[in-house]
Every structure is written in C-alpha cells, then in structure tokens.
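Results of the structural survey
Take a look at the letters that make up each chain.
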Amino acid sequence: MNIGVAYDGGQIAKNLGECRTFLIVTAEGQNPTGKRLVAAEGTSTTELLKLASMEKIDVLICGSLGLAMRNALEMIGVLLVPGCEGAAEEAVAKFLVGEKQGDPTLLEIGREEDPDDPMACMHDCAKCAGCGPIEVLKQIPVEPEEK
C-alpha cells in the first residue's frame, strides 16, 4: 500500500491545492517499508491526479481540499483522510494502526471552478454519465422502432 501525505517541511500541508511536495510511504500491513519525497509538477487538479496515479497512492492524508479534488481522487480510488494537521510521519503511523484522525467534514467545502472540466463533472456528479443519468436510463424501457 502507498500512503501519500501532503507535505510541507515535515508537517501536513494545510491546503492540498497549494501543496508541491508529497511524502510517499510504502507499507505492508501495519509496517512501513520505505518512504520518499516526491515533487508535484503543479497544483492543478489534473497535475495532482497524475501524481496520485503515477505514484499509485492508495491513501492520501491531507489538510483541507476542494470538492473537485475530492471527487476526482475518489473516482480513481484514493481513500482520503482530510482535515489532518501536525507531523506527516506521525499521521502515517496513526493511519497504519487504525487511529482516527482528521476532520472528514472538510470535504464539504464550497464549490470551486475548474477550467479543465468544461462539463463540470467533478463538481456535480449528477452531470456525469457514469454516475447520474446512467441509472435513470437503465430504468427507461426501449420503445419499439416506428415504421
């Protein structure tokens, strides 16, 4: 398992959207087996998603984050532990032993604009074909072709 931490000088970065460095901890079960620092190329949603995918991050420990980022990370299967503060390595150790931390209500922050998301799918899941309309479409019977 790879655990990513939004990193700022040994501490958890206060805002994921402004974070440029991540601590990546590799663990097997409850035992950490390695760690490294990785620099993000940028702070856009797209760049952070690319980093999460390339580093195969399973869990992300962070401070606050926007709704678009939350939705995007959840869509690619990243378990989020938001609202954390303090020492980055200590937060990873707490996660590994199952200790609750953070504040999941920080996921409910206001709507943000993302110019790279013209359909606003990450902002309003009901507009996404994979989540909203597909379930409704499955329930509508197919009408016979008119002749």
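To be clear, the structure that these remarks concern was listed above.
Analysis parameters
- Residues numbered from 1 in each chain as written.
- Predicted model: local features only at pLDDT ≥ 70, side-chain atom pairs only at ≥ 80, totals over all residues.
- Heavy atoms only, no water.
- 1 Å grid on protein atoms, 1.4 Å probe; cavity = no way out; pocket = protein on both sides within 12 Å on 5 of 7 lines; lining within 4 Å.
- Points joined across faces, edges and corners; volume = space filled by probe spheres on them.
- Helix = DSSP H or I, 4+ residues; strand = E, 2+ residues; numbered from the N terminus.
- Nonpolar A, V, L, I, M, F, W, Y, C, P; charged D, E, K, R; others polar.
- Axes fitted to C-alpha atoms, helices over the stretch in contact; angles between N-to-C directions.
- Parallel < 35°, antiparallel > 145°, perpendicular 65-115°, else oblique.
- Left-handed = near helix turned anticlockwise from the far one by under 90°.
- Contact = heavy atoms within 4.5 Å.
- Core = buried A, V, L, I, M, F, W, Y, C linked by side-chain atoms within 4.5 Å.
- Buried < 20%, exposed > 50% of the residue type's maximum accessible area, 1.4 Å probe, protein only.
- Salt bridge = Lys/Arg side-chain N within 4 Å of Asp/Glu carboxyl O.
- Pairing = 2+ DSSP bridges.

With respect to the layout of surface pockets
In this model, the largest pocket occupies a volume close to 190 Å³. Taken together, Leu79, Leu80, Val81, Pro82, Phe95, Gly98, Glu99, Lys100, Gln101, Gly102 and Pro104 make up the lining of the largest pocket. Of the residues forming the lining of the largest pocket, the biggest block, three residues, is contributed by strand 6 (residues 79-81). Split into classes, the residues belonging to the lining of the largest pocket amount to six nonpolar, three polar and two charged.

Section: the packing of helix 1 (residues 45-54) against helix 2 (residues 67-75)
Between two packed helices, what matters for the description is the angle formed by their axes and the separation of those axes. As a packed pair, helix 1 and helix 2 sit with axes 10 Å apart at the nearest point and diverge in direction by 30°. The orientation of helix 1 with respect to helix 2, classified from their angle, is roughly parallel. The way helix 1 lies across helix 2 gives a crossing that is right-handed. Here Thr45, Leu48, Leu49 and Ala52 of helix 1 come into contact with helix 2, specifically with Met69, Ala72 and Leu73. Per-class residue counts for the contact of helix 1 with helix 2 are six nonpolar, one polar and no charged.

Here we look at the nonpolar core
Core analysis: the largest hydrophobic core is formed by 21 residues, its most contacted members being Ala6, Leu16, Phe22, Ile57, Leu60, Leu65 and Leu73. Counting only elements with at least two residues in this core, the list comes to strand 3 (21-28), helix 1 and helix 2. Of the residues forming this core, the biggest block, four residues, is contributed by helix 1. Ignoring anything within four residues of it in the chain, the contact list for alanine 6 reads Gln11, Ile12, Ala13, Leu16, Cys19, Thr21, Phe22, Leu60, Ile61 and Cys62. Membership of the second largest hydrophobic core comes to 14 residues, among which are Ile12, Leu23, Val25 and Ala91.

Considering the pattern of salt bridges
All told, the structure shown has four salt bridges when counted by the stated rule. Note that arginine 36 and glutamate 55 form a salt bridge whose closest N and O atoms lie 2.4 Å from each other. Of this pair, arginine 36 sits in strand 4 (residues 31-39) while glutamate 55 sits in the loop between helix 1 and strand 5 (59-61), and the two are 19 residues apart along the sequence. The exposure class of glutamate 55 is buried, given its relative accessible area of 18%.

Quick notes on the environment of leucine 60
As for its position among the elements, leucine 60 is in strand 5. If sequence neighbours within four positions are ignored, leucine 60 has contacts with Gly4, Val5, Ala6, Leu16, Phe22, Leu73, Val78, Leu79, Leu80 and Val81.

A few points about the pairing of strand 3
With six bridges connecting them, strand 1 (residues 2-8) and strand 3 associate as antiparallel partners. Bridging from a neighbouring strand, asparagine 2 pairs with threonine 26 of strand 3. Alignment of strand 3 against strand 4, held across eight bridges, turns out to be antiparallel. Its bridge partner being in strand 4, threonine 21 is matched across the sheet by alanine 39. Following strand 3, the chain reverses through two residues before pairing antiparallel with strand 4; glycine 29 in that reversal takes a positive phi of roughly 65°.

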